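In case you want the letters, here they are:
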Amino acid sequence: MPARAGFREDAVSKRAKELVTPDVAFGKKVPTLVKLVLAGSLAAVVLASFALGRFAVAPADLLGGVYNHFFNPELVGSDLAARKIDSVIFEIRVPRILLVILVGAGLAVAGASYQGMFKNPLVSPDLLGASAGASLGACLGLLFDQPVWAVQLCAFFGGIVAVSAAVGLTRAVRYDPILGLVLGGILVSTLFQSGMSLVKLVADASDKLPLITFWLMGSFASVNNDDLLWSLVPFVVGFALLLLQRWQLNVLSFGDEEARALGVNTRRVRLLVITASTLLTSVSVAVAGIVGWIGLVIPHLARAVVGPNYRVLLPTSLFVGASYLLVVDNIARLATAVEIPIGILTALLGVPFFVFIFRQNMRGWR
Amino acid sequence: MGAQDAARHALLEVSGLRTGYHRKQVVHGIDFTLQRGEFVCVIGANGCGKTTALKAMLGLLRLFGGSVRVAGRETASMAERELARHFAYIPQVHAPPFPFSVADVVLLGRTPYINRLATVSQRDREVAWEALCLLNIEQLAERTYTRLSGGQQQLVLIARALAQQPDVLVMDEPTASLDFGNQQTVLSRMRGLVDAGRSVLMVTHDPGHAFYCADRVLVMREGRLVADGTPREVITTECMEALYGTRVAVVEVDVAEGVRQSACLPLRCES
C-alpha cells in the first residue's frame, strides 16, 4: 500500500540502527532469573505439599507411589501399604494441590484483569462483588442439594449478575469512576451478603447451616477428584481467554476512546474479559468458598516485580498466585491440629502485605 | 492542478459529514480535504462541533450522513483495527493508572498490527524505536511514562501515534495542558513531521498555533465550516472577532532578517 511509504526517513533509520534497541525495555524478554524463580518456587512448593501432611509421604515413597500407580496397578490392588500411599497421593493430595494451584492462579489472574479493564488498581473479585455474587449463587446450589456442576453454574450466574450490577450502579451514580466502581462493588457485596444471611436463616441448622458456614470461610479440606474434574474446563477456558487478551488489557487501561483509536474492539474485549474473569472467580468460589485478597494482593506483588505490562504481568500473576495460595494452604492444614479455614489466613496475611506492596507501587504512579 | 484533480488525489476526503451524540446532531454537514504532507488546523469556539467531527472521522462516533474517505477508501466499512492503520489519534496528556515504561506505551501503537498471541515482532520493535528516534526522545525509552513531565508525555504519545504508521495524525488540542515552552516544542516537532511528509489534522483553541504551524485552517461555527484557506487568508481580525466574540488584533512581526511571523492578540480595551 503506497499510503505508508515515506514513513521511514533513511537518516532516522540509520541512526536508529546505530543506537542499539534496549531489549528489556522493549518487552523482548523477562529476565531469565525471574522466570526460573517463578517456575522453581512453584515446583518446590508442589513437591513439599505432596510430602507434608498428617500422613507424611517420604520423597522415596512419593516416587514409588507415582510409579506403582501407573506401571504397577496389581501391587496397589494387593499390598495394603501401597494402597494407602496411593490413595493419599491420588485421592487426597493430587486434587487438593491442583485445585489450590488453579484457584490461586485463577483469582490472581481475574484480579489483574479486572484492574486493567476498569483502569482501576483498587478493584478485585472481592471488591467488585463477583465473590459475593458467586457465593450467593453457590449457597443456593448447596441449599437445594445440587450436584457439583450445578453449584458451579449457579456461582457463575451469581457472579455475572453481581458484576453487572456493580458496573451498572457506577454508571447510574456518575461519581468518580475509580471510587465509584469501588462504591458500587461495596453496595452490591452488601446486598448479596444479606441474601446469603437469608439463605443461612432458612438452611437446616443440623446439616446445611454448618456446611454453608464453613464453606464460606474458605477451605480446601474437603475437595476431591470430582471437584477437580468439574472445574478443570472452566479454569482452562478462563485462563486461555484472558491470556489471549493480555495485550488488549494494556490498551484498555488507557481508556475506552484511546483503545478504540488504537484499533481495539473494546466492546468485544470488555465482554470477553468480564466473562472470563467472573468465570474464574466463580469457579474458585464454588470449589473453595471465599478465599479473599488473592485477587488484590497478587497482581500488585507481580506488578512490583515485573512491571505493569500485561503481556508479562498476567503469566507472572498466574505463577505467583498459585505458589502463594499453595504455601498458605500448607500453613492452613499443617500449622494447627484442627485445620484453619484458608479464607481467614489469606485475609490475615493479605492485609498487611497489601499495605506494604501498595505503598511501594504507589511511588511510581503519581 | 485543477480543483477536481486535487480532490481526486486527496489523502483524506470528508464530504457532507453529519454527526452528533445520540439523536442530537451537532455537526451539520462539513466538506474538506487534506492532502498528503499538509498540516491542517481546525479552529472554532467551544461547542462548535470540532471535537465531535474529529471523533466521527476516527470512527468513535456514528455518522448520521456523509462520508469519510482515506487513501481512496470509505471508512464506514472498516473495523477498528483497519481504521487504526489509517488514523492515529493523539489525545491530550493524561496518566494511565499503571506505571508503564515509555517503551511499553510506544509499543502499544503497534496494536493494529499485532497478532492474537500478542507476540511483538522485531519489526514492531524497530518501528517503535524509530518513532522515538524521530522525535529525539530515544533516551526516554526505559523511563516510567507516568513520571515524565507533561511535555515529554505528549511527545511519547506522538511517538506512539507514529508507531501506528498512519496516513493521518489526528490531534485534539494536544497542547491544552502544556506550559508555554512545551507547547512550542510539541508544535514545532509536529511541523517537522509534516515537513518530512506526514499529514496532520489538529483541533486547536489558539489561532496563534495555526499561524505557527498550519498550512491550512478550517474554521467551524455551529456545526458548519465557515472558512477554509491559508492562515493568512482565514485568520483575519473580522473573522476572529465574529468567531470568538472578543476584540482581537492580527499582527505581523519581523522576528529575524526577512522572517515575518503573525499572531492573533486579544485586545484589552473595549473602545
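See the structure printed just above.
Anyway, here's the lowdown on the structure attached to this text. Here the structure is a predicted model, which means the values were calculated and not measured.

### Some details on the nonpolar core
Core analysis: the largest hydrophobic core is formed by 135 residues, its most contacted members being F220 of chain A together with F39, V156, I158, L169 and M190 of chain B. In contact with I158 of chain B, other than residues within four places in its own chain, are I90, L135, M171, V186, M190 and L193 of chain B. Counting 31 residues, the second largest nonpolar core, distinct from the first, contains L34, L54, L58 and V68 of chain B.

### Quick look at the sheet that holds strand β9 (residues 216–221) of chain B
Residues and elements named next belong to chain B. Within the open sheet, the six strands sit side by side as β6-β7-β8-β3-β9-β10. Their pairing is mixed. Looking at the sheet topology across the chains shown, the edges are occupied by β6 (87–90) and β10 (224–229). Between one strand and the next, the sheet's axes are offset by a mean angle of 20°, whatever the strand orientation. Two elements, β9 and β10, share five bridges in a ladder whose sense is antiparallel. From the neighbouring strand, V219 faces β10, where its bridge partner is A227. Across the face of the sheet, helix α6 (residues 150–163) comes into contact with β6 and β7 (168–172) while running at roughly 170° to β6.

### A word on the pattern of salt bridges
Residues and elements named next belong to chain A. Tallying each qualifying case throughout the model produces 17 salt bridges over all chains. Across the pair K208 and D145 runs a salt bridge whose closest N-O atoms are separated by 3.3 Å. Residue K208 is found in helix α9 (residues 208–217), and its partner D145 is found in the loop between α6 (130–143) and α7 (148–173); the two are separated by 63 residues along the sequence. Note on K208: relative accessible area 13%, which makes it buried.

### Some remarks on the state of the cysteines
Within the structure shown, the criterion is met by zero disulfides over all chains. For C139 of chain A, which is in no disulfide, the shortest distance to another cysteine sulfur is to C154 of chain A and amounts to 11 Å. The exposure class of C139 of chain A is buried, given its relative accessible area of 0%. Unpaired in terms of disulfides, C48 of chain B finds its nearest cysteine sulfur in C239 of chain B, a separation of 12 Å.

### Comments concerning the packing of helix α5 (residues 80–117) of chain A against helix α14 (residues 294–306) of chain A
Residues and elements named next belong to chain A. Two elements in contact, α5 and α14, have axes whose closest approach is 7 Å; the angle formed by their N-to-C orientations is 75°. Overall, the two elements α5 and α14 adopt an arrangement that is roughly perpendicular. Residues G104, L107, A108, G111, A112 and Q115 of α5 lie in contact with α14, whose contacting residues are I294, G295, L296, I298, P299, H300 and R303. Here the contact of α5 with α14 is built from residues that sort into seven nonpolar, five polar and one charged.

### So, the pairing of strand β3 (residues 39–43) of chain B
Residues and elements named next belong to chain B. A large share of β3 lies buried, amounting to five of its five residues. Both faces of β3 are covered, namely the face carrying F39, C41 and I43 and the face carrying V40 and V42. Bridging between β3 and strand β8 (residues 199–203) involves four bridges; their strand directions are parallel. Each bridged residue has a counterpart across the sheet, and for C41 the counterpart in β8 is M202.

### Re the packing of aromatic side chains
Applying the stated criterion across every chain yields a total of eleven aromatic pairs over all chains. Taking the centre distance of 5.8 Å and the plane angle of 90° together, the rings of F70 of chain A and F90 of chain A count as edge-to-face. Placement of F70 of chain A in helix α3 (residues 59–71) and of F90 of chain A in helix α5 is noted, with a sequence separation of 20 residues between them. Their ring planes at 75° and their centres at 6.3 Å tell us that Y310 of chain A and F98 of chain B sit as a pair that is edge-to-face. Of this pair, Y310 of chain A sits in helix α15 (residues 310–334) while F98 of chain B sits in the loop between β6 and α4 (102–107), each in a different chain. Judged by its relative accessible area of 0%, F98 of chain B is buried. Here the guanidinium or amino end of R110 of chain B rests over the ring plane of Y113 of chain B, the centre of that ring lying 4.2 Å away.

Quick notes on the rules
- Residues numbered from 1 in each chain as written.
- Chains lettered and ligands numbered in written order.
- Predicted model: local features only at pLDDT ≥ 70, side-chain atom pairs only at ≥ 80, totals over all residues.
- Heavy atoms only, no water.
- Core = buried A, V, L, I, M, F, W, Y, C linked by side-chain atoms within 4.5 Å.
- Buried < 20%, exposed > 50% of the residue type's maximum accessible area, 1.4 Å probe, protein only.
- Contact = heavy atoms within 4.5 Å.
- Pairing = 2+ DSSP bridges.
- Helix = DSSP H or I, 4+ residues; strand = E, 2+ residues; numbered from the N terminus.
- Axes fitted to C-alpha atoms, helices over the stretch in contact; angles between N-to-C directions.
- Salt bridge = Lys/Arg side-chain N within 4 Å of Asp/Glu carboxyl O.
- Disulfide = S-S within 2.5 Å.
- Parallel < 35°, antiparallel > 145°, perpendicular 65-115°, else oblique.
- Nonpolar A, V, L, I, M, F, W, Y, C, P; charged D, E, K, R; others polar.
- Phe/Tyr/Trp six-rings, centres within 6.5 Å; stacked < 30°, edge-to-face > 60°.
- Lys NZ or Arg CZ within 6 Å of the ring centre and 35° of its normal.

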